[in-house]
Amino acid sequence: MRKVVCPYCFQRFQLRDVGFRCLAQLTGQRTNVRCEIGLDQPLATYIGSPGPANLGPVFSADGSKRKATCPNCGVETYTRVCPTCHNDLPPDFGQIGTRIIALIGAKESGKSTYITVLIRELRHRVGSAFGASVEAMDDRTIRTYKGRFEDVLYRQHVMLPTTQPASVDTNYPLLYRFSSKHRGLVRTHTRSSSLVLFDTAGEDLQDRESIDTHVRYLKEAHGIVLLIDPLQIDAIRELVGADVTVPLKDTPPDEIVTNITQLIRSARGMKADARIRTPIAVAFSKIDALWPLVPPGSRLQQRSDHAGAFDERDRTELNDEIESLLDKWEGGLLSRHLEQHYSHYGFFGLSSLGAAPIAAAVPAHGISPFRVEDPVLWLLAKTKIIPSRRPRP
Amino acid sequence: MTIEQMYYTSCVQGLGSSPGFQFNAVSEGLDLAVLPEVQGFIGYEPPLSAPAQPTDAELERFPIALSYATLPQGAAILGQTRYVGTDYSGRYGNFFAHVLYMRDPSHDLGSLYPIDLWRSRAWVNGEAASPALPAIAGPLSASSIPTEELVAFLDSDSRRRQQLEAFLAAVRENLGADGRRQIVLVEASSDDIARWIAIASYSLPPPLARALTFTTYTRRPYYDKQRIVGTTADAEFHYSVNELNDQYVVFDFAGDRFSPKQEDDWAKLAAGLWSDGSVELLGDCHEFVADSGMYLTEGELAGVLAAFTAAKGHQLSERLVSVALSWAKQNSQFRNDAFWYALGRSLERSLDDMSFELLSQLAQEWQRRRDQAMAAPFVGAYLRRAVEHLATGGPSEGLWAPRAGAAQLELRSRDVLEVLSRPETGLVACQRILAWLDRCDIHLNDETLARLGEMRVGPEVLAGRESPTELVTLVQSRSGEAIGQGVLTSLEAGVGASPADFAQVVRLTRGPLGPWLSSLEHGLSRPLRLAIAVGRPQSAEGDRIAVLDVLLGYLEKKLGARSPADSAEAGADLRWACELIWATSGFSATEAIGILRVVPDLTLVSSGLLPALVDIVLDAPVITKRIVELAERLHEIAAQANVGREKVAVLGAVADFVRLPGPGTLPSREVLVDATAIAEAAAAADRPVAGSVLQAISEWAIGLPPADHATALKALLGEASGPFFEAYRGTAGQLPDRDDSGWARVVAERFCAWLALGETNPKVANALLRDVLAPTLRSARRRDRAEVERRVMALGQDAWSAWEQWAGTSRWRLR
């Protein structure tokens, strides 16, 4: 039986172990019993509050089926829940593949802004280029994305507020279904996968007490996007000059990567010489700040074009160029670490806004995303969700 | 005990390793292990509708989150979180939380309620210069939110008044149900939320208020674990039906959405105090509780508040007084005589309006407390009401039975008798009242009870308005014995009153009263003994006659005295007895014979009774032998007594009996046989009646159509012997006059009947044809004979053929 991962608590379990929740709304005709609403302790523990966990009882049945009959009241239910955290699972959970894309990064690396822009780009421009659709898989994702991200950035045109650490604020992952058409020899078919994106706070990777969920998130991830603020690299801070407002000095990128590697290794119980097979996309955000520093014609100044398939040649050239620049700026520490610990890694450069914000507001010309989709598309191509164009030999 | 402080914000320097959200400073000595737990209560997200980049003036208007939470090991935190806009990097989304950590909240808060620190000047809103903060020496000091302000707040919106009770009910429910259904308050400002929380807190005794966790503001109520969660109209909350009904208790004053109200005694009472200007009673009550050293659970709130306010003379609903008493009974260790005295004196004023249940509780409580002075009015009133309660059908199960003692004086016999004598007080109720009085050791005197039995119970049973079964139950109780005596007196009177009453008494003896009366039989009066005898079922017929024998033996003895006075009395008694028996249940045929057998002289039997006895005998099925016995007995009596009048009457009755059905109706063979058997028996005994009976039968048979005539004759002649034949032949020979137009028809019909009789009785038929028909035909004129033949021909081909044969072969040669 296939194992699956809960998109909320990231616990792995057999599909048949998926639980069902009686909605406690109807009285069973056969039993003349109506289930009572009570406190679902596992869910209350997950949420950190009893209120939303006042629900009908969870019962065991064959989780590989889409419905089950409550053994108490005899009423059918289609609501499936994670056997560990008791969160409601998306309707097609287990029916389509799940790709957990872990988005991590240091404080102020622009994760929230990136996720806001990325989803919008995937849904509109990139989706159109791939003939793909990206749809939210639950109401919570729709509400959260709209209320906390999209409205602020695209309607109020102001920068997103600082993401609060998970220890002070409960955070649910965003769940999307990525469906794309694939042309086979005989017919065209649709390939779907769910994408789990989790907006973490930078502090969450510093506070070991609060990273339990994040460790599982990283452990179960099918791909990792690590956002790094290039302005945390000392050499760049010096090179950009006074025109660019540099952030407060924080943990250097190589230390961040080292910490994350340690987290993944310990979570997976890996041997010291084994390499992590999960592909990691190390993406330098706010790359627009570096444009003056790179030579004309640099891939870092050119938009990518992945129409129909991921452009592997472009990625390879970009990766090589960034590796070369890193070698110059920080002595290749990052490259060497990744080479040593990861089977698949790639460097990316992106800018969520296309320019630096001004006084905590989006740039005057609006939001002009630059290469934001590259890391995620690379990870999707790696797992064969989307096709890729191979570089010519 | 000291109170430790914590500052939390997004800052460059703090307890964390790098800039960002972290504890900016904490008190020295604070156990850092509590920090992760504290973080769960201090997050802040600005309202969705708030400006994204507010000015300082706008920041002032952002809701303030005053949060109070309890932690494991009895600790608690109280903190204020305010939105401060930007952080060190200029990014918005920063807040500042100042948190107090209290290891022993009851000490550290002192007399304060957590909500008293709303907008306290003690709260800090800026980063500390040093990561080490001083600890604060407890207890804290602050000023409460003035009650007048809270009352004005409630008055400012009628919906607040309307929802107050429901809100307090939700608070109590939440305190009792491990906070499962959180309370979501939606108001325009966090100040209003704080006022609601103050109202809830001030309504609770401090120990319970310290369990009432809250936050005055959160944007997402789903993720806060406090019992009361305040929020704004633009909160991320869906107000779904499930949320309103099952998951939360919602009071949305901004959107006018409220969860269904739960009934709660404490909430009703406390809300009433907030509404009627008696709110200071809440505080007084809490002081009283504290002074008494009580630790209340939320389940006891209603009881203690009700008891306290009642003792203060506050008018309470009956339900609340009952709640107060229930609480008092469960807290027997609580001895505060002054309190009880005040409560008692307060409640004593409304004894008359008090429900029986409540009165019972009060009376028991004071008697339990052995306070006779307080107990007397309550127990006395209780006794009276208990009797009324039982009289009106109230259940006696579980009804408290005080060992009344002095209070017995409060319950006068005539009061009870008055209740018992009411027609609407059924026997069941009477029985329950007496049994309950027994349990109370209260006894009514026997004379009173006997009077009750005679004047009320007996007549009711006789009149059929009360069930005899219940009477039996009643008389078998301790007090019921005396009532039973009264009932017997009543029944005796009924026996002599009228045949109808006697009949009712007899019916009663046949029913459930039988065993009881039988058990008393030797002590019963003669009329009642007779009634019992009469009432015995038919299966015990012999017994009944035996009783009659006893009675008649007694009469005989009297008659034996031969004194004229005794004889007259005995005769009167016998007549009376027989008439009553007759009127009550009648006799069986055997009894009738039995009576007639033992009656020494028919003069002792009234003229009306004798024919009735005869009728009984004659009406009985299969009575031949008995009729004969009767006839013999009557004949004997008649001969012996030489009273022709009765004899004639008996014989007339027998004749009436054999008066057979009219022409055209053929009786059953049994009837015919009976009739002839009676007649022949009478004839054999040379009874004068025989002739007339046989004559009547003969006439009847002759009057039948030819076929039926033959059938009747076949039956009668098959069984009967000579006397009937003789009688018949005599009757049949009496033909109409030859000149009569009916002569030819009668001759033709008899011919046919006798012809048919010849199939079974050829000799008899031939004799009849020969001796009766042939002579008359022979002497008839030719045309008369022709008329006969024409009539025979009209009766059918078979009849004509038989006629031709008979006439042709007859030696009289009719042709």
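Scope of this entry: the structure provided in the associated data block. (Residues numbered from 1 in each chain as written. Chains lettered and ligands numbered in written order. Predicted model: local features only at pLDDT ≥ 70, side-chain atom pairs only at ≥ 80, totals over all residues. Heavy atoms only, no water.)

A few words on the overall build of chain A. Looking only at helices and strands, chain A features 9 helices and 18 strands. Relative to its 393 residues, chain A shows a buried fraction of 58%. Residue pairs in contact within chain A that sit at least 24 positions apart in sequence constitute 71% of those at least 6 positions apart. Looking at chain A as shown, the accessible area adds up to about 16600 Å², and 49% of this sits on carbon and sulfur atoms. (Helix = DSSP H or I, 4+ residues; strand = E, 2+ residues; numbered from the N terminus. Buried < 20%, exposed > 50% of the residue type's maximum accessible area, 1.4 Å probe, protein only. Contact = heavy atoms within 4.5 Å. Areas by Shrake-Rupley, 256 points an atom, 1.4 Å probe, with all protein chains shown as cover.)

Moving on: the pattern of salt bridges. One side chain can pair with another of opposite charge once the charged atoms of both are near each other. Residues and elements named next belong to chain B. Under the definition given, this model contains 51 salt bridges over all chains. With its nearest N and O atoms 2.6 Å apart, the salt bridge here joins Arg195 to Asp192. In this pair, Arg195 and Asp192 both sit in helix α6 (residues 190-203), 3 residues apart, roughly one turn of the helix. Each of the two residues, Arg195 as well as Asp192, counts as buried. (Salt bridge = Lys/Arg side-chain N within 4 Å of Asp/Glu carboxyl O.)

Next up on the list: the interface of chain A and chain B. Tallying the contact residues gives 42 residues for chain A and 41 residues for chain B. When chain A packs against chain B, close to 3200 Å² is buried across both sides, 48% of that on carbon and sulfur atoms. Area buried by chain A at its contact with chain B is led by Thr162, Gln164 and Val168 of chain A, which between them contribute 16% of it. In this structure, the connection of chain A to chain B is made through 1 salt bridge. (Buried area = accessible area lost by both parts, 1.4 Å probe.)

Below, the discussion takes up the sheet that holds strand β3 (residues 19-21) of chain A. Residue and element names in this part refer to chain A. With antiparallel pairing, the 3 strands of this open sheet are ordered in space as β6-β3-β9. Looking at strand neighbours, the two that pair on one side only are β6 (58-60) and β9 (80-81), the edges of this open sheet. For β3 and β9, the ladder comprises 2 bridges, and the chain directions are antiparallel. Following the sheet pairing, Gly19 is matched in β9 by Val81. (Pairing = 2+ DSSP bridges.)

Turning next to the nonpolar core. Looking at soluble globular proteins, one finds that nonpolar side chains tend to be buried together. Residues and elements named next belong to chain B. Ile115, Phe167, Ile228, Trp274 and Trp436 are the most contacted members of the largest nonpolar core, which has 137 residues in total. Element by element, the count of residues in this core is highest for helix α15 (residues 372-391), at 10 residues. Not counting chain neighbours up to four residues away, the residues in contact with Trp436 comprise Tyr382, Leu383, Ala386, Val387, Leu390, Leu399, Trp400, Ala401 and Pro402. (Core = buried A, V, L, I, M, F, W, Y, C linked by side-chain atoms within 4.5 Å.)

This next bit is on the pairing of strand β15 (residues 280-284) of chain A. All names here are of chain A. Counting buried positions over the 5 residues of β15 gives 5, a clear majority of the element. Residues Ile280, Val282 and Phe284 of β15 are buried on one face, and the alternating residues Ala281 and Ala283, pointing to the opposite face, are buried as well. When strand β14 (residues 223-228) meets β15, the two strands line up parallel, connected through 5 bridges. Paired with Ile224 across the bridge in β15 is Ile280.

What follows concerns the sheet that holds strand β12 (residues 174-183) of chain A. Strands pair in a sheet through their backbones, by hydrogen bonds, and they do so in one of two ways: parallel or antiparallel. Residues and elements named next belong to chain A. Spatially, 7 strands are ordered β11-β12-β13-β10-β14-β15-β17 in an open sheet, and the strand pairing comes out mixed. Two strands lie at the open edges of the sheet, namely β11 (132-136) and β17 (345-349), each paired on one side alone. Taken over all neighbouring pairs, the strand axes of this sheet differ in orientation by 25° on average, direction set aside. Pairing between strand β10 (residues 97-105) and β14: 5 bridges, direction parallel. Within β14, the residue paired with Ile104 across the bridge is Leu226. Contacts from helix α7 (residues 312-330) reach β15 and β17 within the one sheet, and its direction differs from that of β17 by about 85°. The strands touched by helix α8 (residues 333-341) are β14, β15 and β17; relative to β17, the strand with the most contacts, the crossing angle is about 145°. (Axes fitted to C-alpha atoms, helices over the stretch in contact; angles between N-to-C directions.)

Bringing the packing of aromatic side chains into the picture now. Enumeration according to the criterion identifies 38 aromatic pairs over all chains in this entry. With a centroid separation of 6.4 Å and 35° between ring planes, the pair formed by Phe13 of chain A and Phe93 of chain A is classed as tilted. Residue Phe13 of chain A is found in strand β2 (residues 12-14), and its partner Phe93 of chain A is found in the loop between β9 and β10; the two are separated by 80 residues along the sequence. Both residues of the pair, Phe13 of chain A and Phe93 of chain A, belong to the buried class. Both rings, one in Tyr8 of chain B and one in Phe21 of chain B, keep their centres 6.2 Å apart while their planes meet at 10°; by these two values the pair is stacked. (Phe/Tyr/Trp six-rings, centres within 6.5 Å; stacked < 30°, edge-to-face > 60°.)

Here we take up the pairing of strand β11 (residues 248-252) of chain B. Where a strand is regular, its side chains alternate between the two sheet faces. Residues and elements named next belong to chain B. In terms of burial, β11 is largely enclosed, as 5 of its 5 residues are buried. Side-chain alternation along β11 places Tyr248, Val250 and Asp252 on one buried face and Val249 and Phe251 on a second face that is also buried. Note that strand β8 (residues 182-186) and β11 share 5 bridges and pair parallel. Residue Val186 lies in a different strand from β11, and its bridge partner there is Asp252. Where β11 lies against strand β12 (residues 257-258), 2 bridges are found, and the strand directions are antiparallel. The residue of β12 that forms the bridge with Asp252 is Arg257. The turn joining β11 and β12, which pair antiparallel and follow one another in sequence, is formed by 4 residues; a positive phi near 60° is taken by Asp256.

Positionally, Glu45 of chain B belongs in the loop between α1 (35-39) and α2 (56-60). Among the polar contacts listed, one links the side chain of Glu45 of chain B to the side chain of Arg220 of chain B, at a separation of 3.0 Å. In this structure Glu45 of chain B touches Arg148, Gln164 and Asp169 of chain A together with Tyr217, Arg219 and Arg220 of chain B, once residues within four positions along its chain are discounted. (Polar contact = N/O pair within 3.5 Å; in protein donor to acceptor, adjacent residues only side chain to side chain.)

With that settled, the discussion passes to α8 of chain A. Residue and element names in this part refer to chain A. Within α8 the residues assigned to the buried category are Leu334, Ser335, His337, Leu338 and His341. In an axial view of α8, the angular spread of the buried residues amounts to 165°, which keeps them on one side of the axis. Those residues of α8 that are buried are in contact with β14, α6 (253-268), β15, α7 and β17. (Arc of directions from axis to C-beta.)

Side chains of Asp276, Glu280, Asp284, Glu287 and Asp291 of chain B sit close together on the surface and give a patch of like negative charge. By the element assignment, Asp276 of chain B lies in the loop between α9 (265-275) and α10 (280-291). (Patch = residues over 30% accessible without salt bridge, like charges linked within 9 Å, V, L, I, M, F, W, Y side chains within 5 Å. Lys, Arg positive; Asp, Glu negative; His and termini not counted. Charge placed at Lys NZ, Arg CZ, Asp CG, Glu CD.)

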